[in-house]
Amino acid sequence: MNIFSDNRRRGLTLVEILIVLALISIIATIGFFVFNPTGQFASARNTQRQLHLQAIMNAIRQNIADTSGGAFACSSGALPTSTKKLASSAGDYNIAPCLMPSYLIVMPFDLSAAGAHFVSVSDYDTGYTIMYNATTTQITLSAPSAELGKSISVVR
C-alpha cells in the first residue's frame, strides 16, 4: 500500500460550505447597512423638499419685491398667520395663481405626501405648509412629510 496515494474524494465539506455562506451573509449585511438604499432615497427626497421650499420662498419674495407696498400681492388674500396647506382646496391657502406663471413655471409639490399633486392652478396640493408671523414679518414654509425624522422648513 502506497502511503502517498490520495484515496480521498475531492470537493468541499459541509463545514466549508457553511463557513462560506456565513461569511457571505455577514458581508452582505454590512454592505446593506453601509449603503442603505432606503435611507439614501429618503435623504434625496428630503433634499428635493428643501429645494422646493426654497423655490416657493424665492417666488414669494419676488412677488413682494414687485409690489409697491412691500406686501405679498395675491388674489387669495394676505399670507395666513396660522399654518395652512398650500393647496387649491377650501380652507387651504391657494398660492399658485399668485406665483404662476410670473414667478414659477410649475408649482413644486411633495411627491411622497399623501394627496399631493399638481394638475393646474385650480387643482393642486403641494403637501407643503405656509405661515406668516406678523410680529417678526417672517414667512415659514414647511414640509410636514419629511423623512428620517427631519424637520424641513425655510424661514425668511
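You'll find the structure just up there.
This one's a predicted model, so the numbers in the text were calculated from it and none came from an experiment. (Residues numbered from 1 in each chain as written. Predicted model: local features only at pLDDT ≥ 70, side-chain atom pairs only at ≥ 80, totals over all residues. Heavy atoms only, no water.)

Caption draft 1: A look at the overall build of the protein. In terms of regular secondary structure, the protein is built from three helices and five strands. Mapped in sequence order, the helices and strands of the protein form the string α-α-β-α-β-β-β-β. Counting across all 156 residues of the protein, residues that qualify as buried make up 29%. The contacts in the protein between residues at least 6 apart in sequence include a share of 55% that link residues at least 24 apart. Summed over all atoms, the accessible surface of the protein reaches about 10,100 Å², with 60% contributed by carbon and sulfur. (Helix = DSSP H or I, 4+ residues; strand = E, 2+ residues; numbered from the N terminus. Buried < 20%, exposed > 50% of the residue type's maximum accessible area, 1.4 Å probe, protein only. Contact = heavy atoms within 4.5 Å. Areas by Shrake-Rupley, 256 points an atom, 1.4 Å probe, with all protein chains shown as cover.)

Caption draft 2: Looking closely at the state of the cysteines. According to the stated counting rule, one finds one disulfide in the structure shown. What pairs with C74 in a disulfide is C98, and their sulfur atoms sit 1.7 Å apart. On the sign convention where negative means left-handed, the S-S torsion of about 55° between C74 and C98 marks this disulfide as right-handed. Taken together, the residues span a long stretch of sequence, with C74 in the loop between α2 (37-66) and β1 (84-87) and C98 in helix α3 (residues 96-99) at a distance of 24 residues. The pair formed by C74 and C98 is uniform in burial state, with each residue classed as buried. (Disulfide = S-S within 2.5 Å.)

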